[in-house]
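Structural description and commentary
Listed here are the chains, written in short residue letters.
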Amino acid sequence: MKVAVTEFVTLDGVSQGPGSSTEDTSGGFTRGGWLVPHMDEAFVRRASEWLDHADGLLLGRRTYTAFARDWPAITDPDDPFTERMNSLPKYVVSNTLEAGNWPPTTVLRGDAGEAVRELKARPGRELQVHGSARLGSALLSMGLVDTLRLVVAPTVLGTGRRLLTHPTAATGLQLVRHEATTRGLLLLEYEVTGDAVVGDYEGVTKLG
């Protein structure tokens, strides 16, 4: 399987609490819910298409706990995500969680990198990280991420936990798909290409 990371971020890179003011108030964060005003049909359609590729969900403990509380409680029959989110296999990276309460769940203990490498070796399509920004960042630094999908909201918060802070490796990405919604969201899909490339500017005639 490939590992695909999907994250919602602001223009200044904040990934904390996109869905509501009470979703994640850790660290005294009070500006949650910043994605909601910009959600529209184009965003929902693309997010649903991304989820179509999933053969499993890979989550950190904090996100798993929140998802396990919230997703089973959604009863709207027209919600395009609920049935799949609740039925997909979940793999939660944690050395403190005793057992999962959102079936089917497997708790991955010990070294996260080793556990994810073992999952990647299995047949299948995508093992998807949703939320779990610290896990996603760590896996990207380990070279274990194949695809990075970002939903960028047109807002600047100036505070909150940020995505991809101080990765241990400089990583190169190739933009393979992009679109903008009518409410201003940028939907960006990248493939990870390995080490980041660098160069020295020598004038416009030397470009390309």
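In what follows, the structure referred to is the one given above.
For the structure given in this document, a descriptive report is provided here. Note that the coordinates shown come from a computational prediction; the quantities given were computed from them, not determined experimentally.

Points about the pattern of salt bridges
For the structure shown, the criterion picks out 11 salt bridges. Asp 146 is the salt-bridge partner of Lys 120, the closest N and O atoms lying 2.6 Å from each other. Taken together, the positions of Lys 120 in helix H4 (residues 112-120) and Asp 146 in the loop between helix H5 (133-141) and strand S6 (147-153) put the pair 26 residues apart, joining distant regions of the chain. Among the residues examined, Lys 120 registers a relative accessible area of 21% and is labelled partly exposed. Classification of Asp 146 by relative accessible area gives partly exposed; the value is 25%.

So, helix H1 (residues 41-51)
Buried within H1 are the following residues: Ala 42, Phe 43, Arg 46, Ala 47, Ser 48, Trp 50 and Leu 51. With a side-chain oxygen lying 3.3 Å from the backbone nitrogen of Ala 42, the N-terminal cap of H1 falls on Asp 40.

Thoughts on H4
Taken residue by residue, H4 has Ala 112, Gly 113, Ala 115, Val 116 and Leu 119 as its buried positions. Buried residues along H4 cover an arc of 160° about the axis, so they all sit on one side. Where H4 is buried, its residues touch strand S1 (2-10), strand S2 (54-60), strand S3 (90-93), strand S4 (105-108), strand S5 (126-130) and H5.

Notes on the packing of aromatic side chains
Here the structure, examined in full by the defined rule, presents four aromatic pairs. Look at Phe 8 and Phe 43: their rings are 5.7 Å apart centre to centre, the planes differ by 65°, and that puts the pair in the edge-to-face class. Placement of the pair is Phe 8 in strand S1 and Phe 43 in helix H1, with a sequence separation of 35 residues. Taking the centre distance of 6.3 Å and the plane angle of 90° together, the rings of Phe 67 and Trp 102 count as edge-to-face. Of the two residues, Phe 67 sits in helix H2 (residues 61-70) while Trp 102 sits in the loop between S3 and S4, which places them 35 residues apart along the sequence.

Thresholds, definitions, all that
Residues numbered from 1 in each chain as written. Predicted model: local features only at pLDDT ≥ 70, side-chain atom pairs only at ≥ 80, totals over all residues. Heavy atoms only, no water. Salt bridge = Lys/Arg side-chain N within 4 Å of Asp/Glu carboxyl O. Helix = DSSP H or I, 4+ residues; strand = E, 2+ residues; numbered from the N terminus. Buried < 20%, exposed > 50% of the residue type's maximum accessible area, 1.4 Å probe, protein only. Polar contact = N/O pair within 3.5 Å; in protein donor to acceptor, adjacent residues only side chain to side chain. Arc of directions from axis to C-beta. Contact = heavy atoms within 4.5 Å. Phe/Tyr/Trp six-rings, centres within 6.5 Å; stacked < 30°, edge-to-face > 60°.

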